[in-house]
Each structure stands twice: as C-alpha cells, then as structure tokens.
Amino acid sequence: MNKRYYFVTALVGVIALGVGIVIGYFVIKKQQNHDTWKYDRLTRQADKKNYQTFIDSVQAANIEANLKDLTSRPHLAGLPEDLESAEVVAERWKNDGLLVIKPKYNVLLSYPDDNNLNRVTLTSDDGSVIIQTNGTEKVYNSTQPKTVNPFLAHTPNGTVNSTKLFYGNYGALEDLQKLASVVGNASLQGSIIIMRYGSIFRGDKIMHAQYFGAIGAILYNDPADYAPFGTTADQVYDQKWYMPPSGAQRGSALILDGDPLTPIYPSTDYMYRLKEENVKYLPRIPAQPIAYAEAQIILQYLGGNEVPVEWRGALQNVTYRYGGELYNGSTIEVKTYNKLQRKDTYDVIGIMEGDIEPDRYIVMGNHRDAWSLGAIDPTSGTATMLEITRVLGEMYKNGFRPRRSLMFCSWGAEEYGLIGSMEYVQEYVKVLGARIVSYLNVDSAVQGNHTILVKTAPMLFDIIVEASKMVPSAYDAPGQTVYDKWMRVNRNNITDEPKLTYDRGSGSDYFSFDQLVGSSNMDARYTYNSAEQRNIASHPLYHTSYEVFSMMKKFVDPDFTAHRTMGQFIGVLVLLLSETPVLQFNVTRYTTTLMQAMNNLKPNDPTVLDPLRNAINDFGKTAEDFVARSKLMDRENPYEIRFYNDQLLQLERSFLNPLGQGGDYTDFKHIVFAPSKDNQYAASGFPTISDAIFNNNQTEIEYQVAIATYFVRGALSILKDFNNFFS
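The rules behind each value
Residues numbered from 1 in each chain as written. Predicted model: local features only at pLDDT ≥ 70, side-chain atom pairs only at ≥ 80, totals over all residues. Heavy atoms only, no water. Helix = DSSP H or I, 4+ residues; strand = E, 2+ residues; numbered from the N terminus. Buried < 20%, exposed > 50% of the residue type's maximum accessible area, 1.4 Å probe, protein only. Axes fitted to C-alpha atoms, helices over the stretch in contact; angles between N-to-C directions. Parallel < 35°, antiparallel > 145°, perpendicular 65-115°, else oblique. Left-handed = near helix turned anticlockwise from the far one by under 90°. Contact = heavy atoms within 4.5 Å. Nonpolar A, V, L, I, M, F, W, Y, C, P; charged D, E, K, R; others polar. Salt bridge = Lys/Arg side-chain N within 4 Å of Asp/Glu carboxyl O. Pairing = 2+ DSSP bridges. Phe/Tyr/Trp six-rings, centres within 6.5 Å; stacked < 30°, edge-to-face > 60°. Patch = residues over 30% accessible without salt bridge, like charges linked within 9 Å, V, L, I, M, F, W, Y side chains within 5 Å. Areas by Shrake-Rupley, 256 points an atom, 1.4 Å probe, with all protein chains shown as cover. UniProt positions renumbered as here; feature names shortened; annotations may be inferred. Arc of directions from axis to C-beta.

**Comments concerning unusual backbone geometry**
A cis amide bond links Tyr237 with the next residue in sequence, Asp238, at an omega value of 15°. With respect to the helices, strands and loops of the structure, Asp238 is situated in the loop between helix 8 (223–226) and strand 10 (251–252). The amide bond that connects Asp377 to the next residue, Pro378, takes the cis arrangement and shows omega of 5°. Relative to the assigned elements, Pro378 resides in the loop between strand 16 (357–367) and helix 10 (379–397).

Shown next, in the form of structure tokens:
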C-alpha cells in the first residue's frame with residue numbers, strides 16, 4: 001500500500017509539474033509576444049512610401065490659388081485684417097484635421113497717419129521748396145487694394161530741420177565711424193543723415209545715426225542695389241521686377257525682437273509693462289524712407305568731399321559726397337506723423353498629434369502679416385504651408401499617423417520685430433525647450449526660381465541633403481533634383497557637398513527657436529541667381545506696394561513650380577524628422593563649424609584662443625567617440641533610442657548662455673550663432689569674442705574666450721557616456 005501511495009503521489013507530482021511547465025510556457029510566451037509587439041511598435045521604421053505619397057500630392061495649382069486669395073486683401077498686424085487672416089488659416093487647418101489654438105498678445109505697434117503724410121522737404125535759402133517727397137508710391141494698378149504708406153515703424157512722430165546733411169553709405173557702424181573721421185564728430189551733431197538700404201538691418205542704421213548725434217534719418221533704395229540694369233521704364237517695375245523710381249521700402253526700426261514693453265517676458269494680460277518713454281529699444285529720432293527719384297534730387301545738394309568708389313551708388317547726375325552744409329544755404333526737413341499704439345495680434349497654432357512620441361515636436365512656421373499684400377514676403381510661405389498641411393491632412397485621413405507631433409505656426413506681427421513668435425516662445429519656453437526637435441522656417445518661400453537657399457543648424461546638414469535628393473528641382477530638366485542643382489551651382493569643391501549656410505541672425509521667426517529654445521533649426525527659400533542679378537541687396541520690390549500676385553506670376557514663378565518644390569522639400573523634411581526612430585543628426589558637423597568660427601576670429605595675439613582651440617579639439621574627439629558608440633546601439637530597444645535622441649537634442653541647447661550677451665542683449669544666448677550687435681540680420685561666430693576683438697579690449701577678449709571655452713566643454717560632456725561625462 002505504501003508503494004502504491006508513493007507511486008500515485010509521484011505521478012500526480014509529475015503531472016502537476018508538467019501542467020505547470022506548459023501553463024508557464026504559454027504565459028511567458030504570451031508576455032514575450034506582447035512585449036515584442038509593443039517594442040516593435042515603438043521602434044517601427046519609417047515607411048518611405050509616405051515620402052513619395054507626399055511629394056506626389058503637392059499641387060502647384062493649389063498653392064497658386066492660395067496665394068491669389070491671400071494677396072487679394074491687406075493683412076497688416078494689429079488691424080481687423082490681422083484677425084481675419086488668422087481666422088482664414090485657422091479654418092483651413094481645422095478642415096485638415098489639426099487641433100487649432102489662436103493665442104492673442106497685446107503689443108506695442110506703430111502706424112502712420114493716413115490723413116497726414118510723412119514727408120522729407122528740401123528748401124532753398126529763400127524759403128522756396130526744391131523738393132517735397134510724395135509720402136506715397138506711384139499706383140500702377142488702381143484695382144489693387146490700398147496698403148499702408150511708406151514709413152518706418154517704431155520711429156517717433158516729429159519734425160526736425162537742419163542745414164547739414166550727410167551721406168552715410170549703408171549706415172553700418174564702420175560706415176559712420178568713417179564718416180565721423182572725415183567730417184569730424186562735432187559736424188554730425190544736429191545733422192540729418194541719409195543712408196541707402198542694404199547690408200544691415202534698417203533699425204541699426206537709424207540707431208547708428210542717432211548714436212553719432214544726428215537728429216533725423218532718411219533711407220532710400222539705391223539703384224545700384226535694387227535696379228542694377230538701369231532706371232528707365234523698360235528696366236523696372238512694372239515691366240520687370242526691379243525697383244521703380246517711386247518705390248520706397250517700409251519696415252520696422254525696432255532693435256529689440258518681441259514686444260518692446262515686455263522684454264524677456266511674454267505680453268500676456270498679467271505681465272508688467274514698461275512705460276513707452278522708458279523703452280531704450282525705440283529710436284528717438286524721426287526717420288523716413290523715400291524713393292530713389294527723390295533721393296537723386298536731394299543728394300545733388302550735398303557738399304563735402306567725394307566718397308570712395310565702394311560708397312557710390314548708381315543714381316544718375318549725382319556725385320556721391322560725404323556732405324556737410326547743404327549747397328545754397330538749403331535746409332532739409334523730416335516730418336513724420338507716426339503713432340505708437342497697443343494692439344492685439346494673433347498667432348495660429350495647428351497640431352497633428354504624434355502616435356508614438358507625442359511629446360516631441362517637429363515645428364514649421366511662417367509669419368502671416370505683411371506691410372503690403374506681401375506676395376513674396378510672407379505670403380508665398382503661407383500659401384505653401386497651407387498646401388503642406390492639406391496634403392498631410394489627406395494622408396492622415398487615409399491612415400497615416402506621424403511618429404512625433406507636427407506643429408504648424410502662423411505668426412502675427414513678425415514685421416514689427418518677430419513679435420508673434422517671440423511672445424509665444426517666451427510664454428511657453430519651458431515646454432518648447434524640453435520638447436522641440438527642430439523648427440523649420442519658411443518666410444519668403446519663393447523670391448526667385450534659381451535654387452533653394454538654406455540656412456541651417458550644423459547637425460541638420462545631412463538630413464537636409466537627404467531631403468534634397470528626393471525632390472525635383474523647379475525649372476530644370478526632368479529628373480533633376482534639388483540636390484543635383486546644388487551640386488551644379490553651389491558645390492563645395494573641397495568636401496564635394498552642397499554649400500549650406502550656418503549663420504541665421506535674427507531676420508525671421510527662427511530667432512526665438514535659435515536663441516531661447518535651443519533646437520536645431522532651418523530657414524529656406526527659393527531664391528534668384530545673385531550673379532545674374534548683379535548682386536542685388538534683396539528681392540528688389542521688398543516691402544513695397546508692388547509685391548503683388550501679378551508680380552509673382554509674371555516675373556518670379558509663372559508656373560508655381562518653385563512653390564511646389566518648396567512645399568515638397570519642406571514637407572519631406574518634416575516627415576524625415578518625424579518618422580525615423582533614431583534622429584538623423586550628425587554631431588561631427590559641429591566640430592568643423594566650431595573650428596571655422598574660431599578661425600574667423602583675428603585677435604592680435606592668436607595664442608589667446610588656445611584654450612578654445614583645445615576645447616574644440618577635445619569636442620571633435622568626443623563627437624567621434626559618440627558616433628562610434630551609436631553604431632553599437634540596440635536599435636530594437638526604444639529606451640536606448642530615446643537616450644541617444646535626447647543627447648542629440650541637448651547638444652544644441654548646451655550652447656545657450658542663460659545670461660545672453662548681457663546688458664540689452666540677454667536674448668542673444670547662443671554662444672556660437674547669435675546675431676551681431678551691430679547688424680541683427682547677421683550672425684557672427686563666437687560674437688562676444690568678435691566684439692571684444694573689434695573693440696581691441698584684451699581683458700575682455702580673454703574673458704569671453706574663457707566663457708566660450710566653458711560652453712564648448714559643457715557641450716562635449718553632453719556627448720559622453722552617461723556614467724563618464726566628467727572631464
């Protein structure tokens with residue numbers, strides 16, 4: 001009986017064990033299958049068919065229709081038309097399936113008085129008027145809606161007179177220093193200075209004139225920069241796209257980016273605002289843009305010595321002189337009626353939620369406001385962005401889900417100093433700083449039909465090149481891609497790569513993303529052949545009333561294929577950034593960039609840069625080690641992928657100095673790519689060191705080199721292994 005008992009007991013035990021093993025096997029297998037499925041989803045590779053679907057779906061006719069509609073009415077910031085244009089974009093995006101919000105900011109803007117024209121008057125010694133400027137532009141098409149008259153926003157109203165008029169070339173700091181050295185600082189006191197557009201930001205021109213003692217400023221577009229083939233009727237608008245004699249460029253003169261009443265902070269309802277009289281960023285002297293036909297007469301009354309060749313423009317019957325007392329006892333007067341007003345402006349934000357990484361944002365933006373009808377600046381960008389969101393919306397309806405969230409931004413009041421984007425970023429900088437992968441800016445999407453001009457963060461170089469190989473080039477033979485065109489007309493013969501520009505300055509809405517968020521960003525536009533256009537300063541009708549749909553259709557992009565290419569290029573780049581599990585950023589590009597920026601610095605004693613040079617060399621070695629480790633990464637492990645991607649995102653942010661450049665430049669935070677203090681359109685590599693060298697301040701040079709070295713070494717620590725980030 002005992003034997004039988006033990007046998008039965010043993011048999012039951014064996015059966016129980018077997019059942020347990022079988023149950024355990026299937027439970028574990030089920031769990032493993034569940035985990036494998038979960039991980040497979042998290043690490044799914046990009047579906048490359050989506051890229052081609054997007055490219056094939058972008059239609060030139062749709063973009064043309066968008067532009068024709070959007071340029072049929074004005075959209076100046078702060079007026080009822082600002083809100084109307086915001087609602088048009090918002091409705092379109094809702095139809096595309098985006099989650100839409102419309103932030104509002106109350107900011108300080110500026111307008112001329114429609115009933116009292118801003119004018120410049122030249123009067124002879126007997127009181128007779130030699131010339132009084134029109135204060136308006138010639139009307140070529142009476143059916144076009146009226147837009148704002150030429151003025152310089154944020155300059156004060158007032159009347160100033162002087163018997164002294166000086167010519168300051170482009171108004172750059174070195175130009176006015178040269179002028180002062182020739183005529184004497186004392187002579188400039190109480191004078192008016194006339195300067196030509198180009199080279200630097202218009203607000204810096206006016207502030208430089210103010211700094212040197214001028215009581216007023218006049219700006220004009222010289223034909224050398226805006227009508228290089230002559231000023232006869234057959235060579236200018238409306239027969240060609242060059243500036244006509246009556247054209248005058250509007251624009252803001254504010255030297256701060258964002259609302260001047262709430263620097264650093266967003267212009268929300270609860271925010272403290274400065275009193276207008278205490279805002280140091282506002283010019284204090286009246287200033288006015290005039291037509292070059294008007295400048296031609298005024299410049300004939302300049303006294304003084306002739307200027308050097310490089311200062312001379314192309315106005316007929318004008319001898320370009322430094323100036324001084326006006327001929328024949330004449331007097332020059334600048335009279336303006338500008339008004340500062342607090343107004344509401346609106347951003348529109350549209351979001352397509354990411355399926356796997358919803359907390360990582362790929363952002364595309366374009367401003368919506370314009371001084372005139374803005375067929376190039378900015379509405380070519382708005383028209384293109386609306387087609388991009390239409391196509392993505394259709395793809396979403398057909399089952400496409402982006403890996404990361406896509407955010408589309410239509411900014412208000414950019415023309416007044418990047419106000420809409422700055423206020424939005426300032427309000428949400430903590431969130432955006434933690435989550436944005438890249439910001440892609442499309443301002444003047446099409447200003448020519450030659451090739452795409454890209455200004456980018458270094459780490460985006462390779463992914464931009466990848467996108468360029470997928471997209472057909474406009475106005476080229478079938479089968480030619482954007483990349484092919486770059487390699488034909490813009491090749492770097494040393495590296496056998498396209499030439500892309502890294503300096504962006506603060507000329508558009510990427511500024512706050514560069515300097516406050518710290519993401520890796522890009523600005524792109526289809527542009528003209530500079531050599532064929534005799535190196536014009538910008539697209540010639542920039543910020544004039546002649547920037548209309550018919551001008552775009554007749555002179556720039558007749559078939560709207562350049563617009564289509566821009567839509568395809570930017571859209572594919574959005575998808576490349578969104579869809580690949582591992583971000584395609586190349587950290588080694590930064591090594592070359594840092595070394596080039598340092599080599600452009602020219603101190604009297606080159607050894608002062610040795611600490612920075614050593615840090616950059618160490619950065620290069622660390623970057624190579626980082627790339628080598630990335631090749632060993634388990635690309636099926638979502639945690640390893642996330643760790644790696646986070647290091648890439650943190651690298652660009654590690655170059656931000658929280659203190660900025662101090663004083664009035666706390667927003668200029670990027671120690672490698674911040675705008676120049678004297679030209680906010682341009683970026684200067686290691687700008688604080690460059691400024692110290694310019695001022696020949698040896699102590700400051702050493703100090704700024706030490707700070708730059710600190711940030712480069714901080715950046716390289718980001719790329720080290722997690723348990724070995726120490727020096």
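This is not the end of the story, as more comes after the structure.
**A short note on helix 20 (residues 687–694)**
Within helix 20, burial applies to Pro687, Ile689, Asp691, Ala692 and Ile693. Looking one or two residues past helix 20, Asn696 carries a phi angle of roughly 55°, positive in sign.

**Here's the deal with the packing of helix 2 (residues 49–57) against helix 10**
The description of two helices packed together rests on the angle between their axes and the distance between the axes. Where helix 2 meets helix 10, the axes come as close as 10 Å, and the angle between the chain directions of the two elements is 130°. Viewed along their axes, helix 2 and helix 10 adopt a mutual orientation that is oblique. In this structure, the crossing between helix 2 and helix 10 has a hand that is right-handed. Residue-level inspection shows Asn50, Thr53, Phe54 and Ser57 of helix 2 in contact with helix 10, the latter providing Glu387, Ile388, Arg390, Val391, Leu392 and Met395. In terms of residue class, the contact of helix 2 with helix 10 is made up of 5 nonpolar, 3 polar and 2 charged.

**Side note on the pattern of salt bridges**
Close approach of charged atoms allows side chains with opposite charge to pair. All told, the structure shown has 29 salt bridges when counted by the stated rule. Between Arg403 and Glu357 there is a salt bridge, with its nearest N and O atoms 2.8 Å apart. Here Arg403 is found in the loop between helix 10 and strand 17 (404–411), whereas its partner Glu357 is found in strand 16, with 46 residues between them in sequence. Comparing Arg403 with Glu357 shows no difference in burial state: the two are buried. One salt bridge in this structure joins Arg589 and Asp462, with 3.0 Å as the shortest N-O distance. Taken as a pair, Arg589 in helix 17 (residues 588–599) and Asp462 in helix 12 (residues 461–468) lie far apart in primary sequence, 127 residues in all. One connected set of salt bridges, linked through shared partners, spans Glu357, Asp359, Arg360, Arg403, Arg404, Arg642 and Asp646.

**Some points on the sheet that holds strand 12 (residues 323–325)**
A sheet is described by the order of its strands in space; here 5 strands give the open sequence 11-9-8-7-12, paired in mixed fashion. Looking at which strands have only one partner, the edges of the open sheet turn out to be strand 11 (287–290) and strand 12. Going from strand to strand, the sheet's axes swing by 20° on average, the running direction of each strand aside. Relative to strand 9 (residues 216–220), strand 8 (residues 192–196) runs parallel, the two sharing 5 bridges. The residue bridging Met195 from the neighbouring strand is Leu219, located in strand 9. Relative to the sheet, helix 9 (residues 292–299) contacts strand 7 (164–167), strand 8, strand 9 and strand 11, its axis offset from that of strand 11 by approximately 110°.

**Concerning the packing of helix 12 against helix 13 (residues 482–489)**
Two elements in contact, helix 12 and helix 13, have axes whose closest approach is 7 Å; the angle formed by their N-to-C orientations is 110°. Classed by the angle they form, the pair helix 12 and helix 13 counts as roughly perpendicular. Contacts between helix 12 and helix 13 pair Ile464, Val465 and Ser468 from the former with Val482, Tyr483 and Trp486 from the latter. For the contact of helix 12 with helix 13, a count of residues per class yields 5 nonpolar, 1 polar and no charged.

**Examining the environment of Thr382**
Within the secondary structure, Thr382 is located in helix 10. We classify Thr382 as buried; its relative accessible area is 4%. Sequence-distant contacts of Thr382, that is, excluding residues within four places in its chain, are made with Leu70, Val89, Asn366, His367 and Arg368.

**Regarding the packing of aromatic side chains**
Tallied over the entire structure, the rule returns 28 aromatic pairs. Arranged with centres 5.3 Å apart and planes meeting at 85°, the rings of Tyr211 and Phe212 form a pair that is edge-to-face. Take Tyr211: its relative accessible area is 68%, and that puts it in the exposed class. Judged by relative accessible area, which is 10%, Phe212 ranks as buried. Where Phe511 meets Phe668, the ring centres are 5.9 Å apart and the plane angle is 75°; that geometry is what we call edge-to-face.

**Examining a nonpolar patch on the surface**
Residues Tyr639, Phe643 and Phe722 make up a contiguous nonpolar surface patch of about 360 Å² in total accessible area. Within the secondary structure, Phe722 sits in the segment after helix 21 (698–718).

**Things to note about the environment of Arg642**
With respect to the helices, strands and loops of the structure, Arg642 is situated in helix 19 (residues 638–653). Take Arg642: its relative accessible area is 23%, and that puts it in the partly exposed class. Residues Arg642 and Glu357, 285 residues apart in the sequence, show an inter-C-alpha distance of 9.8 Å. Residues in contact with Arg642, not counting those within four places in the same chain, are Glu357, Asp359 and Arg360.

**A look at the UniProt feature "domain: Peptidase M28" (unreviewed entry) in the protein**
Those residues carrying the UniProt feature "domain: Peptidase M28" (unreviewed entry) are residues 348–548 in this numbering. Split by type, residues 348–548 is 29% helix and 23% strand. Its first and last C-alpha atoms lie 24 Å apart.

**Observations regarding helix 15 (residues 549–556)**
Helical geometry: 3.6 residues make up each α-helical turn, so side chains three or four residues apart lie on a common side. Every buried residue of helix 15 is listed here: Phe549, Met551, Met552 and Val556. All buried residues of helix 15 lie within an arc of 165° about the axis, which places them on one face of the element. Each element contacted by the buried residues of helix 15 is listed here: helix 3 (60–70), helix 10 and helix 16 (561–579).

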